[in-house]
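Residue-level structural notes
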Amino acid sequence: MNKVLIIGAGGVGNVVAHKCAMVPEVFGEITLASRTVSKCDAIAAEVKQRTGRVIATAKVDADDPKQTAELIRRTGAKLVINVALPYQDLTIMDACLEAGCDYMDTANYEPKDVAKFEYSWQWAYQEKFTKAGLSALLGSGFDPGVTNVYTAWALKHHFDEIHTLDIIDVNGGNHGKAFATNFNPEINIREVTAECRHWEDGKFVETPPMSLHQAFTCPQGVGTYEIYRMYHEELESLVKHIPTIKRAQFWMSFSPNYLKHLEVLGNVGMTRIDPVIYNGVEIVPLQFLKAVLPDPGDLGKTTKGKTCIGNVITGLKNGKFKAIYVYNICDHEACFAEVGSQAISYTTGVPAMIGAKQVLEGNWRKPGVWNIEQHDPDAFMADLNVHGLPWQFIELSEEQAKAFHVA
Ligand code: NDP
């Protein structure tokens, strides 16, 4: 019987716990751990109520690899699903190596004091995991995660060569608050205020944050939204593993209201990540801001509307131009009814469960450190249809691919 340890009891941890509990044949025994055990207990109670399954809970500070390794041993976990914060990635990887356990996450490691998004720190663990005979799966959320798998699947089934990739993340949901972020505010704001980078002709090109935007019409009546080009971590691994890509860009939708608040918060210094002294105490403005903003985990109750996340991919098949758009549409209210979370946590937590399932079932159990697109996409794509994130794809003409937006 497979035993798993989930670390992190936020919005995503809630979805992962529910979805793992719904697949008992793969996830035999589940422990949910976080710094604040009361959050784990509250999730465990909801899981019991919705699925009838009992999951164990524990307290852990995952910044401490020794403490984390001890918990892994105590629970007998074969796999740790890390849905804490990106700051904990390396200490949890160290703990897995110490305790002899496989590892997976949904976001690349970030140092706390600088908003730097790159895989170098985690890729440096390749030799350690290979030697230990353990698997590490990086980035099994939606983006990164499903968007990488969409790309690998497109390459396997639709293209001989991929030339352009545009990942488009639209959140058409409305939570009814003046300002809130859909996942951890600190991580979200660090990401959207960072310099934009996109891949063009063999190198990353830097441009000011939010400087390029355009309207994008989602399929199936989800609506038309303004999407902004920004850097996102999956670009780094995708252009490395699919070297025929000439241009790769990531786009996310933002409402004028969100951008207005962000601009003001930035102007007054509230998005700073360097410490300031306040009343003799050192505080980081962005961490303080997180404490006063709505908890993303609570937004599910009020959020209405849909997300639409997908990839426009162009390239060659049998020497001819080909273009496809592969995407998922997810309804905030349906997610809340199923697991008590909004769609952003849901679209991250479901692929985390599915990635964990591939590792535990052995499809993706290969010693070393792997980005998700390096594995065979087929079983994961099939599971998306079964476990709540069905996908569709349409073939586009050259004209449509251009009109679809992409700069
Ligand atoms: P939340 O802030 O809601 O939850 C984070 C959880 O991690 C909290 O329960 C928190 O602890 C716990 N935690 C933080 N530090 C530690 C620590 N040192 N030891 C143990 N637990 C700790 O975040 P989300 O649920 O919104 O996001 C979770 C992860 O998912 C993040 O890494 C985020 O970047 C990623 N993500 C990925 C996406 C994708 O598509 N790939 C999309 C959205 C998010 P405590 O119990 O004290 O509160």
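What you see is a predicted model, and the numbers here were worked out from it, not measured in a lab.

Thresholds applied
- Residues numbered from 1 in each chain as written.
- Predicted model: local features only at pLDDT ≥ 70, side-chain atom pairs only at ≥ 80, totals over all residues.
- Heavy atoms only, no water.
- Helix = DSSP H or I, 4+ residues; strand = E, 2+ residues; numbered from the N terminus.
- Rg over C-alpha atoms; globule rule 2.2 N^0.38 Å.
- Contact = heavy atoms within 4.5 Å.
- Areas by Shrake-Rupley, 256 points an atom, 1.4 Å probe, with all protein chains shown as cover.
- Lys, Arg positive; Asp, Glu negative; His and termini not counted.
- Charge placed at Lys NZ, Arg CZ, Asp CG, Glu CD.
- Pairing = 2+ DSSP bridges.
- Axes fitted to C-alpha atoms, helices over the stretch in contact; angles between N-to-C directions.
- Core = buried A, V, L, I, M, F, W, Y, C linked by side-chain atoms within 4.5 Å.
- Buried < 20%, exposed > 50% of the residue type's maximum accessible area, 1.4 Å probe, protein only.
- Domains from an automatic or database assignment.
- UniProt positions renumbered as here; feature names shortened; annotations may be inferred.
- Polar contact = N/O pair within 3.5 Å; in protein donor to acceptor, adjacent residues only side chain to side chain.

A few words now on the overall build of the chain. Across its full length, the chain carries 15 helices and 18 strands. Here the C-alpha radius of gyration of the chain, 20 Å, is about what a compact globule of 407 residues would show, namely 22 Å. C-alpha extents for the chain along the principal axes are approximately 60 × 55 × 40 Å. For the chain, long-range pairs separated by at least 24 residues make up 74% of all intrachain contacts whose partners lie at least 6 apart in sequence. Looking at the chain as shown, the accessible area adds up to about 16300 Å², and 52% of this sits on carbon and sulfur atoms. Placing the 38 positive and 48 negative side-chain charges of the chain at their respective mean positions leaves the two points 3 Å apart.

Bringing the sheet that holds strand 3 (residues 56–59) into the picture now. Judged by pairing direction, the sheet is parallel, and its 7 strands sit side by side in the order 3-2-1-4-5-6-17 without closing on themselves. Edge positions in the sheet fall to strand 3 and strand 17 (368–371), since each of these pairs with one other strand and no more. Along the sheet, successive strands turn relative to each other by an average axial angle of 20°, direction set aside. Judged from the 4 bridges that link them, strand 2 (residues 29–34) and strand 3 form a sheet pairing that is parallel.

For the rest of this paragraph, the subject is the nonpolar core. Residues Ile6, Phe27, Ile81, Phe254 and Leu384 are the most contacted members of the largest nonpolar core, which totals 83 residues. No other element matches the 9 residues that helix 13 (residues 343–361) contributes to this core. Counting only domains with at least three residues in this core, you end up with domain 1 (3–138) and domain 2 (146–341 + 390–403). Those residues in contact with Leu384 that sit more than four places away from it in its chain are Val146, Tyr150, Ile354, Leu389, Pro390 and Trp391. One finds Ala58, Ala69, Cys96 and Ala136 within the second-largest nonpolar core, a separate group that totals 27 residues.

Here the focus is the UniProt feature "domain: Saccharopine dehydrogenase-like C-terminal" (unreviewed entry) in the chain. As recorded in UniProt, the feature "domain: Saccharopine dehydrogenase-like C-terminal" (unreviewed entry) lies at residues 141–388. Note that residues 141–388 is 34% helix and 31% strand, and that its end C-alpha atoms are spaced 14 Å apart.

For the rest of this paragraph, the subject is the side chain of His18. Note on placement: His18 falls in helix 1 (residues 11–21). Separated by 3.0 Å, the side chains of His18 and Arg50 make a polar contact. Once residues within four sequence positions are removed from consideration, His18 is found in contact with Glu46, Val47, Arg50, Thr51 and Val339.

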